[in-house]
Amino acid sequence: GAGVSQSPSNKVTEKGKDVELRCDPISGHTALYWYRQSLGQGLEFLIYFQGNSAPDKSGLPSDRFSAERTGGSVSTLTIQRTQQEDSAVYLCASSLQVGVNEQFFGPGTRLTVL
Amino acid sequence: AQRVTQPEKLLSVFKGAPVELKCNYSYSGSPELFWYVQYSRQRLQLLLRHISRESIKGFTADLNKGETSFHLKKPFAQEEDSAMYYCALTSSSNTGKLIFGQGTTLQVKP
């Protein structure tokens, strides 16, 4: 079966523009996680969803970052007014349910803000 | 604060040599510890987790609560083990949120 997919694979944008990153989790997985992988910070948690709700948004770096999930499936991470420090690889993962279940990661979206 | 520390950014060994990738953690509760691996041009994937006590690809890791460590070991490294390795733990609220270490690049030379 298909794994987690993310689009686009690469995104180059200009400082100040908004970007949307998409994640398609494995079918039937109720939990969805967003992480950011950057040179200086390593892998950081951003936000997770249980179904369509996001109980923990503690990892979002600023109010320019938001995410939603509709229909318990696809999730979109939106970054408004992008800054150069937002450049990173954004990873999405899904698991069968919230908890200690194995998380399956997508290939990531590499975001470059010029 | 919950934290995972991997003190080595790069570990370079020769094929057939033993490998130990270090991981220490700080956590105010009962942790669930994991090792994730990312091979070149592949996605991040789970290697092993302490609760399963398995040996995957010859790797093992033992949770030492006294030393708050979860070091990854393999007796004889292979070239195909070359990858980035991340140690991670889950948060106390059992949300599954993973807290990662900075990662260690393992380079196995022929």
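1. Overview of the sheet that holds strand β7 (residues 65-69) of chain A
Residues and elements named next belong to chain A.
Step number 1: Taken in spatial order, the four strands make up an open sheet running β1-β3-β8-β7, and their pairing is antiparallel. Edge positions in the open sheet fall to β1 (5-7) and β7, since each of these has one partner strand only. Taken pair by pair, the neighbouring strands of this sheet meet at an average axis angle of 15 degrees, ignoring direction.
Step number 2: Bridging between strand β3 (residues 19-24) and strand β8 (residues 75-79) involves five bridges; their strand directions are antiparallel. Across the sheet, Glu20 pairs through a bridge with Thr78, a residue of β8.

2. Points about the packing of aromatic side chains
Step number 1: Within this structure, the stated rule accounts for eleven aromatic pairs over all chains.
Step number 2: Relative to B:Phe100, the ring of A:Tyr35 lies with its centre 5.5 Å away and its plane at 85 degrees, an arrangement referred to as edge-to-face. With A:Tyr35 in strand β4 (residues 31-38) and B:Phe100 in strand β10 (residues 98-100), this residue pair bridges two chains.
Step number 3: Taking the relative accessible area as the measure of exposure, A:Tyr35 reaches 0% and is therefore buried.
Step number 4: For B:Phe100, a relative accessible area of 7% puts it in the buried group.
Step number 5: The ring of B:Phe14 is capped by B:Lys109, whose NZ or CZ atom sits 4.5 Å from the centre of that ring.

3. Points about the layout of surface pockets
Step number 1: Put simply, the largest pocket is a space of about 510 Å³.
Step number 2: A:Gln37, A:Ser38, A:Leu39, B:Met84 and B:Tyr86 are, among the 20 residues lining the largest pocket, the residues nearest its centre.
Step number 3: Broken down by secondary-structure element, the contributors of at least two residues to the lining of the largest pocket are β4 and β9 (88-95) of chain A together with β9 (83-90) of chain B.
Step number 4: A volume near 290 Å³ is recorded for the second largest pocket.
Step number 5: Considering the residues around the second largest pocket, the lining is formed by 14 residues, among which A:Gln41, A:Leu43, A:Glu44, B:Ile99 and B:Phe100 are closest to the centre.
Step number 6: Breaking the lining of the second largest pocket down by element, the ones donating at least two residues are β5 (42-50) of chain A together with β1 (3-5) and β10 of chain B.
Step number 7: Sort the elements by how many residues they give to the lining of the second largest pocket and β5(A) lands first, with four residues.
Step number 8: Tallied by class, the residues present in the lining of the second largest pocket amount to five nonpolar, six polar and three charged.

4. Description of the pairing of β8(A)
All names here are of chain A.
Step number 1: With five of five residues buried, β8 lies mostly within the body of the structure.
Step number 2: What you see with β8 is no split at all: Ser75, Leu77 and Ile79 on one side and Thr76 and Thr78 on the other are buried throughout.
Step number 3: Relative to β8, β7 runs antiparallel, the two being bridged by five bridges. Looking at the pairing, Glu68 lines up with Thr76 of β8.

5. Some words on the interface of chain B and chain A
Step number 1: In this complex, chain B contributes 17 residues to the contact, which on the side of chain A involves 23 residues.
Step number 2: Together chain B and chain A conceal approximately 1600 Å² of surface at their shared face, both sides included; 53% is due to carbon and sulfur atoms.
Step number 3: Among the residues of chain B in contact with chain A, B:Arg43, B:Thr95 and B:Lys97 are the three that bury the most area, contributing 32% of the side total.
Step number 4: At the junction of chain B and chain A, the tally comes to one salt bridge.
Step number 5: The shortest N-O distance in the salt bridge between A:Asp56 and B:Lys97 comes to 3.4 Å.
Step number 6: Residue classes in the side of chain B that touches chain A are distributed as seven nonpolar, six polar and four charged.

6. Here's the deal with the confidence of the model for chain A
Step number 1: Mean pLDDT over chain A: 92, with 98% of residues reaching 70 or higher.
Step number 2: At the low end of the mean pLDDT range in chain A sits strand β6 (residues 53-56) of chain A, at 84; at the high end sits β3(A), at 98.

7. As for the pattern of salt bridges
Residues and elements named next belong to chain A.
Step number 1: Counting across every chain of the model gives seven salt bridges over all chains.
Step number 2: With its nearest N and O atoms 2.9 Å apart, the salt bridge here joins Arg22 to Asp24.
Step number 3: Notably, a salt bridge pairs Arg64 with Asp86, separated by 2.8 Å at the nearest N-O pair. Placement of Arg64 in the loop between β6 and β7 and of Asp86 in the loop between β8 and β9 is noted, with a sequence separation of 22 residues between them. Here Arg64 matches Asp86 in class, with each residue buried.

The rules behind these values
Numbering of residues starts from 1 in every chain and runs along the sequence as written. Chains and ligands are labelled by the order in which they are written, letters from A for the one and numbers from 1 for the other. Residues qualify for local features only when their pLDDT is at least 70, as the model is predicted, and side-chain atom pairs are given and counted only at 80 or more; totals for whole chains, interfaces and linings, by contrast, use all residues. Side-chain descriptors were evaluated using all non-hydrogen atoms of the structure, hydrogens and water having been removed beforehand. Two strands pair under a simple rule: DSSP has to find at least two bridges between them. The helix and strand labels rest on DSSP assignments: H or I over at least four residues marks a helix, E over at least two residues marks a strand, and numbering proceeds from the N terminus. To get an axis, fit a line to the C-alpha atoms, keeping to the stretch in contact for a helix; angles then go from 0 to 180 degrees between the N-to-C directions. Pairing of aromatic rings covers Phe, Tyr and Trp, the last through its six-membered ring, and needs centres within 6.5 Å; plane angles under 30 degrees mean stacked, over 60 mean edge-to-face, and all others mean tilted. Buried, partly exposed and exposed residues are distinguished by accessible area as a fraction of the type maximum, computed with a 1.4 Å probe on protein chains only: under 20%, between the cut-offs, and over 50%, respectively. Should the NZ of a Lys or the CZ of an Arg lie within 6 Å of a ring centre and within 35 degrees of the ring normal, that charge is described as sitting over the ring. Space inside and on the surface of the protein is sampled on a 1 Å grid over the protein atoms alone, with a cavity defined as a set of points where a 1.4 Å probe fits but cannot get out and a pocket as an open set with protein on both sides within 12 Å along at least 5 of 7 lines; lining residues have an atom within 4 Å of a point. Grid points are joined across faces, edges and corners, and a volume is the space filled by probe spheres set on the points. Gly is placed with the polar residues, together with every amino acid not listed as nonpolar (Ala, Val, Leu, Ile, Met, Phe, Trp, Tyr, Cys and Pro) or charged (Asp, Glu, Lys and Arg). Any two residues whose heavy atoms approach within 4.5 Å at even a single point are treated as in contact. When two parts are brought into contact, each loses some accessible area as probed by a 1.4 Å sphere; the total of that loss over both is the buried area. Criterion for a salt bridge: a side-chain nitrogen of Lys or Arg within 4 Å of a carboxyl oxygen of Asp or Glu. Per-residue confidence from the prediction method is given by pLDDT, with values spanning 0 to 100.

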